[in-house]
Protein chains: 2
Amino acid sequence: MAKAPVLTPRAEDFPRWYQELISKAELADNGPVRGTMVIRPYGYGLWERMQQEMDARIKAAGASNAYFPLFIPQSYLTREAEHVEGFAPELAVVTHGGGKELEEPIVVRPTSETIINEYFSKWVQSYRDLPLLINQWANVVRWEMRPRVFLRTTEFLWQEGHTAHATYEDARDYAARIHRDVYHDFMVNVLGIDVVLGRKTAKERFAGAINTLTLEGMMGDGKALQMGTSHELGQNFAKAFNTQYLSKDGKQELVWQTSWGTSTRMVVGLIMSHGDDSGLRVPPRLAPVQAVVLAIKGDDQVIAKVREISDRLLAAGVRVQVDDRTDIPFGRRAVDWELKGVPVRIEVGPRDLENGTAMLARRIPGGKEPVRIGELEALLPKALEEDQALLLAQSRERRKDRTVDTTTIEEAAEAAATGWARIPWATLGPEGEAALAEQGVSVRCLVAADGSVPERDDQPGNVAIVSRAY
Amino acid sequence: MAKAPVLTPRAEDFPRWYQELISKAELADNGPVRGTMVIRPYGYGLWERMQQEMDARIKAAGASNAYFPLFIPQSYLTREAEHVEGFAPELAVVTHGGGKELEEPIVVRPTSETIINEYFSKWVQSYRDLPLLINQWANVVRWEMRPRVFLRTTEFLWQEGHTAHATYEDARDYAARIHRDVYHDFMVNVLGIDVVLGRKTAKERFAGAINTLTLEGMMGDGKALQMGTSHELGQNFAKAFNTQYLSKDGKQELVWQTSWGTSTRMVVGLIMSHGDDSGLRVPPRLAPVQAVVLAIKGDDQVIAKVREISDRLLAAGVRVQVDDRTDIPFGRRAVDWELKGVPVRIEVGPRDLENGTAMLARRIPGGKEPVRIGELEALLPKALEEDQALLLAQSRERRKDRTVDTTTIEEAAEAAATGWARIPWATLGPEGEAALAEQGVSVRCLVAADGSVPERDDQPGNVAIVSRAY
């Protein structure tokens, strides 16, 4: 008799599978205020690892972390016209503080361009102060009408970078550098997701930007997820906040700016790219726990052996956790670690001790086999790198299989029902884009004929990637 | 002719010195909304190092990080009577979201006991789920009438731990463990501040706690700064949120709880303990930059040598930064690094190259002397450990010199004008405490006769430490 499935199968109901996985793997709960979320320790552990890996790359790109206030005077938001139009419907507003009604209402930051620019205009005086490269890890609030955990939440966690440069070229190159060396590198080499780098169309650009670069991943159901964006802001905010510098030639010049962000949405990408019908599968380079060593029974010798294996793997550089909760049935614990997607499970029972072996269960390729305990230290780092490569290969394979080259808008719309369509931008254009939007299909990004990121929307040979999206 | 001082001397005007240091060392700015602050990269770098060191200790104490929402339904706050009374006057209230007036106003978290307990009551079912040990790094908001950067700000950054235990003893021991192994260890061994561990009197306890443990540091002006607290919450929140577990005997029991926090206030302790009239002095174990290597002139050979020294120190495990901004006068840069309190400055000019030497300036003991470049790698780690020890010794010395044993309330009040007074709690008592409060002097904590942390307020031999405080 077949076992009852732990989760609703993806093929049956993908959204339900997603919600069940988040709940059963103990990643997050809904918060009491509609649209907020509680990130549970295992879910937060994934986010902490994302932060560590991203933060190192951001610092390598020369940016420093800082912290700007949560509260922004409402008047700041209105200074850049497109920006306020983009965010006004989503704002949370504080009207009372310290028991009194406030004279000017305060906005809870939906993003920090305005408040950061207020300070950039004070800090930047001379060309010597440029480039000014700042990043912030923070919570932001955007009122959400159709909330869904990690995907669309009223409060979410993110990093937002904000930079000021002396020239257009320097700002453009820095936005591209973050896009490529920080975001793309992290998403491909750590998250194991085969994201596409592209350029947003005018319709999909950030409110206040002159160019938005994006990274789009294909999820398990063929939809697209925008996993990060890097914007060229031109001089829009510099004009609104009068951010000028004295050039080497002694002239006052407006700065050129960028902003760029990634958020807890990356957790959605992780789940929807790599999850299967048994739960999550976490790429080893990201995994807060790469291997769990389970004691099958609460026997003293077993517990001692489990600790010994854990210590040896730890010394070999593996992020390892012991599971000696032998008052919980072993089968339940095994299912729980499968749900959580820990790459490797090492199971030790009394019979294994006699043989000098342990059972090695691999979550990513699947399968389970006995191995000699003495060989684990040598075997594991290799197995983990294989698993990492396998996840990326599967992500690549999916994108290849479910992307169709099309030549008409009708074909593109049809292909977008189950995956992605590629269509020449010259064929589609802004009107075709509007027509697709009516069918719930959007242009995720433009890519150049050679697969690179186009420098202009109208660059000959540009291809639009269109699909349904989260 | 003597140089004009960089900062107002401490002896002349301590509060002004503090503000000037924060501004000139580029630690922080005031935010646009009254009471908020902008933490600039160098100030945030100090906080990041505090987070790293604290986080490792918190995890070693078995707690896991998680994240709970910023927004709390107003009704939650009212469930624990003392708690709401303590926080009601300080709340920021969101009344509008997504363009509409909200049905129930939302409070921006002043602390997370209530919302965390709502989830603890769901997550805790059985004795197997205990202890539940959670920590959160977050921003909190408490409306501030007399704001001062880092000290009292409407928004501040902190960590807050929240735990649930099966027994009173287990909760009590865990609150004490955090107090000692996390907070005290970090503050003494990393921050280099000779904090006193003690117990708060009933008057000074956290709103909703049955016991509050504190760490008090003596600042450069003799006042006390509360640098962290660890609370036993008893079953107050467990009753309010009905957090129960099924015991091994099959009975429903209420949990016992703790909460504990430290914040960006620790930056105040750092500045006011170690700062001098030339600026900040950062203990090497904390310092984001332990050594700066300065090129005196923009000569190619000098720049190459500065890079080489930096690389070698980096390889020797020193956190090092290069300063090759030779378009800024050397003197100004030297003063700037003194203000920022970087422990060691290595200055390299063309003449030094000829001699194979560099100037080594030590910020903490003071002084400057030529050293052979080849000896720097061996010399620096030793010098940094000496500097670390010196700061702690100076902090100890100050507390010893400025603490007076007293036997009457009058004597205690007098001593508190310039430092701390010790007075038997049996002599002072709650009435004496109230009398001192009228003169702006508070009981910072009680310590036992042997210097340990008392288990009860009325333990024979308890000594009260009284002083003016931030």
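Per chain, residue numbering runs from 1 following the sequence as it is written. Numbering of ligands from 1 and lettering of chains from A proceed in the order in which they are written. This being a predicted model, a pLDDT of at least 70 is required before a residue's local features are given, and a value of 80 or more before pairs of side-chain atoms are given or counted; all residues contribute to the totals for chains, interfaces and linings. Note that the side-chain values use all heavy atoms of the structure and ignore hydrogens as well as water.

Here's the deal with the overall build of chain A
Under the convention used in this document: We count a stretch as a helix when DSSP gives it H or I for four or more residues in a row; a strand needs E for two or more, and each element gets its number in order from the N terminus. Radius of gyration here uses only the C-alpha atoms, and the compact-globule reference equals 2.2 Å multiplied by the residue count raised to the power 0.38. Note on contacts: a residue pair qualifies if any of its non-hydrogen atoms lie within 4.5 Å across the two residues. Each accessible area value is a Shrake-Rupley result obtained with a 1.4 Å probe; residue values ignore everything except the protein chains displayed when judging cover. His residues and chain termini do not enter the charge count, which takes Lys and Arg as positive and Asp and Glu as negative. One atom stands in for each charge, and that atom is NZ of Lys, CZ of Arg, CG of Asp or CD of Glu.
In terms of regular secondary structure, chain A is built from 14 helices and 23 strands. For 470 residues, the compact-globule estimate of 2.2 N^0.38 gives 23 Å, and chain A sits close to it at 25 Å. Projected onto its principal axes, the C-alpha positions of chain A cover 80 × 55 × 45 Å. A separation threshold of at least 6 residues defines the contact pool for chain A, and within that pool the share at least 24 residues apart is 67%. A total accessible area of about 18400 Å² is found for chain A, and carbon and sulfur atoms account for 48% of it. Each charge sign in chain A was given a centre, from 57 positive and 66 negative side chains, and these centres are 3 Å apart.

A few points about the relation of the copies chain A and chain B
The condition that has to hold: A least-squares superposition brings the copies together, and it is based on the C-alpha atoms of residues with pLDDT no lower than 70 in both.
Rotating chain A by 180° and moving it 0.0 Å along the rotation axis overlays it on chain B with an RMSD of 0.0 Å. The operation mapping one copy onto its partner corresponds to a two-fold rotation axis. Every residue of chain A has its C-alpha some distance from the rotation axis, and the shortest such distance is that of V94 of chain A, at 2.1 Å. Most of the interface of chain A is mirrored in chain B, where 100% of its interface residues again form contacts.

Here's the deal with the UniProt feature "domain: Aminoacyl-transfer RNA synthetases class-II family profile" (unreviewed entry) in chain A
Filter applied, for reference: UniProt positions are given in the numbering used here, feature names are shortened, and annotations may be inferred rather than shown by experiment.
Under the present numbering, the feature "domain: Aminoacyl-transfer RNA synthetases class-II family profile" (unreviewed entry) in UniProt falls on residues 34–283 of chain A. End C-alpha to end C-alpha, residues 34–283 of chain A measures 31 Å, and it is 32% helix and 32% strand.

Here we look at the interface of chain A and chain B
A common way to report how large an interface is uses the accessible area buried once the components associate. For clarity, the cut-off: Salt bridges are counted wherever a side-chain nitrogen of Lys or Arg sits within 4 Å of a carboxyl oxygen of Asp or Glu. N or O atoms closer than or at 3.5 Å make up a polar contact, with two conditions inside protein: a donor-capable atom paired with an acceptor-capable one, and, for residues adjacent in sequence, both atoms drawn from side chains.
Facing 55 residues of chain A, the contacting portion of chain B comprises 55 residues. At the surface where chain A touches chain B, the tally comes to four salt bridges. A salt bridge links K59 of chain A to E48 of chain B; its shortest N-O distance comes to 3.1 Å. The tally of links from chain A across to chain B stands at 26 residue pairs in polar contact (both at pLDDT 80 or more). Among the elements that take part in the side of chain A that touches chain B, strand 5 (residues 92–97) of chain A stands out by supplying six residues, more than any other.

Some details on the packing of helix 2 (residues 41–60) of chain B against helix 8 (residues 265–274) of chain B
Residue and element names in this part refer to chain B. This is how the line gets drawn: Working convention: axes come from line fits to C-alpha atoms, limited for helices to the stretch in contact. Angles between N-to-C directions cover 0 to 180 degrees. In these notes the angle categories are as follows: under 35 degrees is roughly parallel, over 145 is roughly antiparallel, 65 to 115 is roughly perpendicular, and the rest is oblique. Side-chain classes follow a simple rule in which Ala, Val, Leu, Ile, Met, Phe, Trp, Tyr, Cys and Pro form the nonpolar group, Asp, Glu, Lys and Arg form the charged group, and the remainder, Gly included, forms the polar group.
Orientation of helix 2 relative to helix 8, taken along the N-to-C sense of each, is 110°, at an axis distance of 10 Å. If you check the angle between helix 2 and helix 8, you find them roughly perpendicular. The residues of helix 8 that touch helix 2, namely those facing L46, W47, M50 and M54, are M266, V267 and L270. Among the residues forming the contact of helix 2 with helix 8, the class breakdown is seven nonpolar, no polar and no charged.

Remarks on the sheet that holds strand 16 (residues 320–323) of chain A
All names here are of chain A. Rules: In this analysis, strands are considered paired if DSSP registers two or more bridges between them.
With mixed pairing, the five strands of this open sheet are ordered in space as 16-15-17-18-19. In this open sheet, the two edge strands, each paired with only one partner strand, are strand 16 and strand 19 (368–372). Each strand of the sheet is rotated relative to its neighbour by a mean of 25°, with strand direction disregarded. Pairing of strand 15 (residues 291–295) with strand 17 (residues 344–348) involves five bridges; the strand directions are parallel. Bridge pairing in strand 17 places V292 opposite R345. Strand contacts of helix 10 (residues 330–340): strand 15, strand 16 and strand 17, with the helix running at about 175° to strand 15, the strand carrying the most contacts.

Considerations on the packing of helix 9 (residues 300–315) of chain A against helix 12 (residues 376–401) of chain A
Residues and elements named next belong to chain A. As a reminder of what qualifies: By the definition used in this description, the sense in which the near helix is turned from the far one sets the handedness, with an anticlockwise turn below a right angle giving left-handed and a clockwise turn giving right-handed.
In the contact formed by helix 9 and helix 12, the axes pass within 10 Å of each other and the chain directions differ by 55°. Classed by the angle they form, the pair helix 9 and helix 12 counts as oblique. In the crossing of helix 9 with helix 12, the sense of the turn from one axis to the other is right-handed. Note on element contacts: helix 12 touches helix 9 through L376, E377 and L380, opposite I309, R312 and L313. Grouping the constituent residues of the contact of helix 9 with helix 12 by class yields four nonpolar, no polar and two charged.

A short note on the pattern of salt bridges
Residues and elements named next belong to chain B. Basically, it comes down to this: For the exposure calls, accessible area comes from a 1.4 Å probe over protein chains only, and a residue counts as buried if that area is under 20% of its type's maximum, exposed if over 50%, partly exposed in between.
For the structure on display, the rule yields 74 salt bridges over all chains. The residue E53 makes a salt bridge to R49 at a minimum N-O spacing of 2.8 Å. Taken together, the positions of E53 and R49, both in helix 2 and four residues apart, correspond to about one turn of that helix. According to the relative accessible area criterion, E53 is buried, its value standing at 19%. By relative accessible area, which is 8% here, R49 ends up buried.

Quick word on helix 9 of chain A
Residues and elements named next belong to chain A. Here is the rule: Given a helix with a known number of residues, its expected span is that number minus one, times 1.5 Å. Arc definition: it is the arc formed by the directions from the helix axis to the C-beta atoms.
Over its 16 residues, helix 9 extends 23 Å from the first C-alpha to the last, a length consistent with the 22 Å expected when each residue adds 1.5 Å. Those residues of helix 9 lying buried are V302, I303, V306, I309, S310 and L313. For helix 9, the buried positions fall inside an angular range of 125° around the axis, keeping them on one side. Turned more than 90 degrees from where helix 9 packs its buried face, D300, Q301, D311 and A315 sit exposed. Against strand 15, strand 16, strand 17, helix 11 (350–355) and helix 12 lie the buried residues of helix 9. One side-chain oxygen of the residue at the start of helix 9 lies 2.8 Å from the amide nitrogen of Q301, identifying that residue as D299. At the exit of helix 9 stands G317, carrying a positive phi of roughly 90°.

Quick look at the sheet that holds strand 6 (residues 100–108) of chain B
The strand order across the open sheet formed by six strands is 4(A)-6(A)-5(A)-5(B)-6(B)-4(B), and the pairing between neighbours is antiparallel. With one partner strand each, in any of the chains shown, strand 4 (71–73) of chain A together with strand 4 (71–73) of chain B form the two edges of the open sheet. On average, each strand axis in the sheet is inclined to that of its neighbour by 45°, with strand direction left out of account. Pairing of strand 4 of chain A with strand 6 (residues 100–108) of chain A involves three bridges; the strand directions are antiparallel. Among the inter-strand pairings, P73 of chain A is bridged to a residue of strand 6 of chain A, identified as I106 of chain A.

Observations regarding the confidence of the model for chain A
Put simply, the rule reads: Values of pLDDT, which run from 0 to 100, indicate the predictor's confidence residue by residue.
Averaged over chain A, the pLDDT score is 96; the fraction of residues at 70 or greater is 99%. Quick note on the complex model: pTM equals 0.97, ipTM equals 0.96.

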